Each structure stands twice: as C-alpha cells, then as structure tokens.
Amino acid sequence: MSEQTVMIQNEEDTLLSRFPKVVRKDERKGYEGYVVEANALTDFARTLRDELGYDYLSSVTGVDYLPQGQMEVVYHAYKTTGGPALVFKVQVPRDNPVVPSLVPIYPGADFQEREAWDLLGIKFEGHPNLKRILLWEGFHGHPLRKDWREPYFEAEHKPYKSRFPEGKVFRAEERNPFGKNVDYPAGFDPAQWTPDNTNALIYEGLGRVEKASDDLPTEQIVVNLGPQHPSTHGVFRMVVTLDGETVVDLEPVMGYLHRNHEKIGERNTWLMNMPFTDRLDYLSPMSNNFGYALAVEKLLGVKPPERAEYIRVIMAELTRIQNHIFAIGMFLNDMGAYFTPSLYAIEERELILDVFEAVAGSRMMVNYFRFGGVARDIPEDVMKKIHDLAFERLPRRIDELDRYLTNSEIVRVRGEGVGVLTPEQAIAYSAAGPVLRASGVPYDVRRAEPYSIYDRFDFDVAVRYHGDVYDRYLIRMDEVRQSIRIIQQALQQIPEGPIMSGKPQYQHRVPAGESYGRVEGPKGELGFYVVSTGKGNPWRYHVRAPSFINLTALAEMTKGQKVADTVIILGSIDIVLGETDR
Amino acid sequence: MDGSGILKGLGVTIKRLIATYVDDFKRGKARYRTDEGIAYRSSAEVQGIFTIQYPDEKLPVPEEFRFVPFLVGEEQEDGTLDPRCTACGICTKVCPAQCIWIVRSKDPKTGRPRPKPAEFYIDIDMCMNCGLCAEYCPFDSIKMDHNYELATYDRKADNIFDLQKLLKPVSYYAQIRPENYKREEEARRKAEEAKRKAAEARAKAAAARAAKAKAKAQQAKKE
Ligand code: SF4
Ligand code: SF4
C-alpha cells in the first residue's frame, strides 16, 4: 500500500469512528466520499479542517435528486499542502431542504451557499446573509430544480424533436412574446415592489447612512460603482459604504449576465456543452474545455493519446499567457495608464489568438477539446509559429513589459500594501489561482493534484508573499514565464501520433456516477462537477467558477482602503463576468 | 523611488513610437492597405504599430476559421446546385443551439422518405458557430463558411437562411478550404477504389466459382 492510501485509510477510520451512525461512506455506484447527517455537518467540517488538515473548501453545490425526493449538497475539500479531494455530502428531503451553513467554518462557502439557495432553494441555516445572488428578488422559483420550467419550454432535453424530420422553422420568440415571457412569484408586482431594508441600499443610487459610533454627527454615504462602469470589466456592481474616502463596507452585486449556464448544460447532450464552456471565461476558453473534458473523461474512463495530451497542455498554457498579459494590461487601465500597456499586452495576445484561430477555427470560442482528445491536429506551420513565440518573441516581450511596468513608481505606490489578503484569509475565503498564490500559499492544482501530463514538466509554482495588489501583478508575470517554460518543454517532447482515442462520437453514453474535474485555470481552480444517470445528458452540471468565488474575499480586501483603490483591487482579482454570472 | 522606474518605462513607449515611424519610413506605402502590409503587421516580426484598419483592411482568415455554416452543392450541368445533404438529420442532433431545421423530402408516389432535404433552415441568430455540425456530418455536406460579414438591417426577414441561401458550389468550398477539400476527395477516392476493388474481387471469385462448377459438371458428364 502506498503512503497515500494508508493515509486515506487512516482518515476514513478516524471519521467513521469519530462520527458513528451520522457519517457513512457513499456507497452508490460511481460515487465517492461520505454522506453526513445534516445535524453532524458542522462538527464533521470542523474535524476536517482542524484535525485532518482539509483547510480549503473548494466547491459547494447542490444536486436535485427528484426521483429520490432528495436534495443533496456536495462539498469538495482539499488540503493546501496538496492531494486529492475529500468529498462529503448532506442529503435532505426535497420539500424542506435545510442544511447548516458552513460559513462559520469555511467563509469561502458564503457565495456558493447563496448560489445553491438561489438556484436550488436549499436553505442554509446560520448563513449570515442568505439571499439570492445571481437572480433578483422577483424571480419565480429556483431554476435548477428538476421540476422548474422556463416560461417558454420546449422539451426536457436536446435534441428537440421539432427539428427533424419535420423541421418547420419558427422562432421561440414568436411563441413567447416579449412581455409575456416572465413569471413572477404569486402576488408579486414588479411595479409595486420595493426592496426590503437589506436590499434598499443596493437599489438606491446614492444613499446616506447614520454612522454608528462617532462623537461627531457625521454620515456615511453609499456609492454604487457599476453596474455600468469601465472598471468593473463588464456588468458588475460594487455597493460601497464610504466614510469620507475610506471604504467601510462593500457588497458585490452580480448576476447581470446570468443565463443559467448550468440549466442549459443539463438540457444539452454531453458534447453540446463543450462549446458552451467557451463562453464561461471567454478569455481562457481552452482551460474551460480542459476542465470539462477531464470531468467527463473520468466518467467515461477514456484517456487521450500522448500527442493530444501535449497539445492540450500547450493550448492551456498559451491560454494562461494571453489571459495573464491581458489581465495585466487591463489592470494598468484600472490604475489609470490608459490603454498603452493594455495595447502592448493585446499585441502578444493577438498572436496567440492567431494560433487558436488556425488550430481551432475561432479566436475565442475555440470548442477544441473532445472527450478522448482534441478536435484537430496542429498544422506544421502553426507549430512553427508556437515555437517562435515560445522560444523567441514571448520571453523578449515579457522582459519588455517587465522593464516597462514592474519598477514604475506609480505602479508600486498604488499597488504596494493595497488590498492585502493574508494567507489565512485567502485560504479561508477559498480564494484560488493568482489571488491565493500572491498571498503566500503555493497552491497550484497542476502541482497539488497533477492532471493530464503536468507531472512531466519542470516548472515552479509561482508564489509571492505580501498578498497585495502589486504582488498579484508580479505573480502573473512569474506565471507567464513558467508557462513559457512548460510550452518549451512540451514542444521538445511532443510525439507524433493520433489525437483522438477511439472514433469521434457525438452521442455519449456516460456511465452513471459523479465526477469532479478540475484544472488550474488562469483565474484559479476551475472545476466541473457532473453527475450522470447513464443517459445522453448530464443530470447535474456544475461549474466551480474561480471568478465568482474569488469575489468572496473582495469585501475583506477593500475594507479600510480608499475608494479609488477598490477599482484596482477588483482589477487585481481578474474576473470575467461571463464566468462570474454564468 | 527617484522616478527612474517611470523614465525607464517611458523609454519603452518611446522606442515603440519611434519604431513605428522607422518602419513606416522603411516600408513606405507598402505598409498599409496592401496584403503584404497586413500580413507583416499581423506577424510576430512586426515593429511599432500593429493595428489593422478594418474595414479598409481585412485580416485574412486561416483555413480552419469558422462562421455560420453553408451547404455544399454539386454543380449540375444546367447550372443548378444539387445538395450533397442526404437529410440524415445528424447535424440537427449535434447542434447545441438547435438552430438547424430540416424537412426530409418524401417520394410523392409512395410517401416514403427520400434521402434529400425538402427544406433546410439555419437560424443564424442562434447559431453559435461551434462547427459541430460540419464536424459530424458524414457526407461532407455542411461546412463552415469564411464570410463573417453578415450584418443586416432586418433580422426578422434576413436571418433565417433557407436552402437557397445556404447552398454554395463545391468549387467555393474547395477555394476556402483547400486542404480539407483535398483530404476529403482523397478519402472519397480511396473509399471508391476500395469499393471497386472489392466488387472486382467479388466478380472474379464468382467467375472462378462458376468456371469451377462448369468444369466439375463437364467432368461428371465425361465420367
Ligand atoms: S448531417 Fe449532413 S447529410 Fe445529414 S442532414 Fe445534416 S447536412 Fe445533411
Ligand atoms: S455551427 Fe454549431 S450552432 Fe451553428 S448550426 Fe452548426 S452545430 Fe449549430
């Protein structure tokens, strides 16, 4: 027995003996982890965190098992020292799903529990602020429930019967005219609706609040940054309570771009989801493809051939490079260096996108990965392009960017010591990717739990220790350099051979079970939790979106800072709203 | 913090700025609005400014570039196009946006389905340009186009493409995707050859069998 299996065995013994009767192993075929009784959940989680070292709660989500009449909450916890996940679940009756909140133990569960409440209607007892997060208060029902239907409903699953062989075309909007395409909860009249107290501030443009304790009779004001604001990189709102110029509190408001990606995903066939993942974080589509492919391949039990593995790694690392330099460029925009740095960054990005376009057919909506391989091989001339980029141009240009920005006094003065997140906070808030690593936690999925062929490459996990905005800038520079190293090695090692294992298929019979595929995306850990019931469509399709979860720590980072700094703090997290809102 | 960092940074921008003018000077008129200029400005060798002045200038697209699909039609002698499509319906089943609509044609006498589309629609407002239809069509009938300038004034009238609008000749396909076309023709030729060979071999075997039987019969007669 290897060391790891011994350790897991010990963990299992500890947990099962510590919690007799209330914790059992999940025995369903294709499932893993533990099933915990709701009333034991808090103790269980505390044991995990404090005794077994599972200090990082990565993903929280719910699954509606309609036929069994159950709601299940699924947790994935990790050790920041590396290793596989510990999965645990709570099952509660569907008609009254109440689960204790884990926010007191893992603050990173905050937004994710709110999301599960919003989309699935699971109540988290003890949650400090359990209200909708992606949808608004006038939304009817919880859309990810299996018995929820959109006002214009065609069928439970694609492909729709109406398309063939009698495909008389019509537009959905003809059958679902504007104005009649919304359901409100019973008794809800949007014209009469006024937000309750907790929401009032959010909906008010500019409000005043009494200051709680001060000798001087002064007021604080509430400012809405966004949703239409150049600094928010899309439609995103920060409701900031200010005392003078100092931020007292901040509440992120999101969901403006919400399209219920997950419901769409559960209507889709397995393959159809691939192009949809491009549209999550549209700046790094290759990584999204990667994560989803891994999750489904785990269930299918297929492995891509060698050459495909290398192609995947090359594409994923190119994605990271273009994402990071773009993030740096935009971050400089937020700082006020209007568009010159970002133009320089975009130039390199364009060259990388040219590669994507030539290989995958599209610059951003790549739809390139398939279960068991990739869609197309890299043509000879494009291979040469990648080669030139990795060995010549990119290293040179990164050095130039470095000379240009890193020691600029303006960047340093504005960045150093601003928006600090300590390592403890970063872990507690489930921050991921550059945000986590800039706070001194060297956690990188490529190293902590290597997937694909990442264990073959020689690279360093970039880490910085101040946890401020400036370090988040630096760490992206570091990571670009590491990615170049990986690409260089991959280019030297890549073998000839097939790029798909098995025949290309469009209908997949995925064995029943659950799986969680995660990759180190440019923005952090990107995970796909899928549940199959053996049919042609996923039963559950959940995305652990780093852009979304990294925002959990935003309030903490901005408190006590100046209002002007909230903009660069947000910029330093690097979010994409397509992924945040899903 | 003596400002040297800023100065060094400014040095980078100045270098870039100068590079643009030096390049303009070196390459002269050829730098703008010529294919050569565009290719240069979008290459990794570019110095100075690299932007393309769309729509006066257009970036060439690579062969694999994909935009809203079209249907490949074999050019007939009378100038019409005969769709390769056999109305198998696979593309309607893989399409993630479910924006392909096909009415299969029927034999007017027997009412039995015929392998041809009677109607074929793609709602290009919904099409997400994913290319899955082209990837999984077993008859090389639906392919992704290169034309990305599809803006219209009236989406209701113009944006559902019918068979007429979707059909384009094989020669067009061969022109925008030469490599793919070559590969597919090669595969088709090989498949046909194999088929022919198999048929020949079958015929030969049958002939041999017949000859043998004949010889046997003759033998029997003799005896
Ligand atoms: S898959 Fe090809 S042959 Fe089949 S219906 Fe579609 S276009 Fe026609
Ligand atoms: S490109 Fe994709 S979305 Fe468009 S018609 Fe083909 S399969 Fe459908």
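As the structure is a computational prediction, the values presented were derived from the model and not from experiment. (Residues numbered from 1 in each chain as written. Chains lettered and ligands numbered in written order. Predicted model: local features only at pLDDT ≥ 70, side-chain atom pairs only at ≥ 80, totals over all residues. Heavy atoms only, no water.)

Looking now at the overall build of chain A. Each helix and strand counted, chain A has 20 helices and 18 strands in total. Along the three orthogonal principal directions, the C-alpha set of chain A runs to about 70 × 60 × 60 Å. Counting the 582 residues in chain A, one finds 61% classified as buried. Relative to all contacts within chain A whose residues are 6 or more apart in sequence, the contacts with residues 24 or more apart total 68%. Averaging the positions of the 68 positive and the 83 negative side-chain charges in chain A gives two centres separated by 5 Å. (Helix = DSSP H or I, 4+ residues; strand = E, 2+ residues; numbered from the N terminus. Buried < 20%, exposed > 50% of the residue type's maximum accessible area, 1.4 Å probe, protein only. Contact = heavy atoms within 4.5 Å. Lys, Arg positive; Asp, Glu negative; His and termini not counted. Charge placed at Lys NZ, Arg CZ, Asp CG, Glu CD.)

Taken together, Pro69(B), Cys95(B), Pro96(B), Cys99(B), Ile100(B), Cys127(B), Met128(B), Asn129(B), Cys130(B), Gly131(B), Cys133(B) and Met144(B) make up the full set of residues near ligand 2. In the shell around ligand 2, the residues fall into 10 nonpolar, two polar and no charged. (Near = heavy atom within 4 Å. Nonpolar A, V, L, I, M, F, W, Y, C, P; charged D, E, K, R; others polar.)

The next thing to look at is the sheet that holds strand β3 (residues 100-106) of chain B. As a general point, the strands of a sheet are linked pairwise by backbone hydrogen bonds and lie either parallel or antiparallel. The strand order across the open sheet formed by three strands is β3-β4-β6 (chain B), and the pairing between neighbours is antiparallel. Looking at strand neighbours, the two that pair on one side only are β3 and β6 (160-161) of chain B, the edges of this open sheet. (Pairing = 2+ DSSP bridges.)

Taking 1.5 Å as the rise per residue, helix α11 (residues 380-405) of chain A with 26 residues should run 38 Å; its terminal C-alpha atoms sit 35 Å apart, in good agreement. Along its length, α11(A) shows its largest kink, about 45°, at Leu389(A). (Expected span 1.5 Å × (residues − 1). Bend = angle between axes of the 7 residues up to and from the residue.)

A separate point is the nonpolar core. All names here are of chain A. If you look at the biggest cluster of nonpolar residues, it comprises 162 residues, and the most contacted ones within it are Phe44, Tyr75, Phe88, Met315, Tyr368 and Ile386. Ranked by the residues each element gives to this core, the list is headed by helix α9 (residues 306-335), at 13 residues. Beyond its immediate sequence surroundings of up to four residues, methionine 315 is in contact with Met286, Val355, Phe356, Val359, Tyr368, Ile378 and Ile386. (Core = buried A, V, L, I, M, F, W, Y, C linked by side-chain atoms within 4.5 Å.)

The next thing to look at is the sheet that holds strand β16 (residues 513-521) of chain A. Residue and element names in this part refer to chain A. Spatial ordering of the open sheet is given by β16-β17-β18, a layout of three strands whose pairing is antiparallel. In this open sheet, the two edge strands, each paired with only one partner strand, are β16 and β18 (540-544). On average, adjacent strands in this sheet sit at an angle of 10° to one another, irrespective of strand direction. Both β16 and strand β17 (residues 524-532) contribute to a ladder of nine bridges, which runs antiparallel. Its bridge partner being in β17, glycine 513 is matched across the sheet by serine 532. (Axes fitted to C-alpha atoms, helices over the stretch in contact; angles between N-to-C directions.)

We now examine the site of ligand 1. What surrounds ligand 1 is the set Cys85(B), Thr86(B), Ala87(B), Cys88(B), Gly89(B), Ile90(B), Cys91(B), Ile102(B), Cys137(B), Phe139(B), Ser141(B) and Ile142(B). Its residues assigned to classes, the shell around ligand 1 shows nine nonpolar, three polar and no charged.

Right, let's talk about the domain arrangement of chain A for a bit. Quoted interface sizes are often the accessible area lost when the parts come together. All names here are of chain A. Domain annotation for chain A reports domain 1 (3-125), domain 2 (197-253) and domain 3 (261-581). The straight-line distance from the C-alpha centre of domain 2 to that of domain 3 is 32 Å. Across the contact, 16 residues belong to domain 2 and 18 residues belong to domain 3. Summed over both sides, the interface of domain 2 with domain 3 buries roughly 1,500 Å², with 69% coming from carbon and sulfur. Counting the contacts that link domain 2 with domain 3 gives zero salt bridges. The tally of links between domain 2 and domain 3 comes to three residue pairs in polar contact (both at pLDDT 80 or more). Sorting the residues of the side of domain 2 that touches domain 3 by element identifies β11 (234-235), β12 (237-243) and β13 (246-253) as the ones contributing at least two each. With six residues, β13 is the single largest residue contributor to the side of domain 2 that touches domain 3. (Domains from an automatic or database assignment. Buried area = accessible area lost by both parts, 1.4 Å probe. Salt bridge = Lys/Arg side-chain N within 4 Å of Asp/Glu carboxyl O. Polar contact = N/O pair within 3.5 Å; in protein donor to acceptor, adjacent residues only side chain to side chain.)

Time to look at the packing of α9(A) against α11(A). Between two packed helices, what matters for the description is the angle formed by their axes and the separation of those axes. Residue and element names in this part refer to chain A. One can describe the packing of α9 onto α11 by two numbers: an axis separation of 13 Å at closest approach and a directional angle of 25°. If you check the angle between α9 and α11, you find them roughly parallel. The two elements α9 and α11 meet at a crossing, and its hand is left-handed. Across the interface between the two elements, Arg307, Ile314, Met315, Leu318, Ile321, Ile325, Ile328 and Leu332 of α9 pack against Met383, Ile386, Leu394, Ile398, Leu401 and Leu405 of α11. Classifying every residue of the contact of α9 with α11 gives 13 nonpolar, no polar and one charged. (Parallel < 35°, antiparallel > 145°, perpendicular 65-115°, else oblique. Left-handed = near helix turned anticlockwise from the far one by under 90°.)

The next point concerns the interface of chain A and chain B. With 54 residues of chain A at the interface, the matching set in chain B holds 52 residues. Summed over both partners, the interface of chain A with chain B comes to about 4,800 Å²; 58% of that surface belongs to carbon and sulfur atoms. At the junction of chain A with chain B, the criterion picks out nine salt bridges. A salt bridge links Arg16(B) to Glu347(A); the shortest N-O distance between them is 2.7 Å. Breaking the side of chain A that touches chain B down by element, the ones donating at least two residues are α7 (273-278), α10 (340-360), α11 and α12 (409-415) of chain A. The dominant element in the side of chain A that touches chain B, judged by the number of residues it contributes, is α10(A), at 11 residues. Per-class residue counts for the side of chain A that touches chain B are 25 nonpolar, 10 polar and 19 charged.

Time to look at the side chain of His324(A). All names here are of chain A. Tracing the backbone through its elements, the reader meets histidine 324 in helix α9. Given the relative accessible area of 0%, histidine 324 is considered buried. Each residue touching histidine 324, except ones within four places of it in the same chain, is listed here: Pro434, Arg476, Glu479, Val480 and Pro522.

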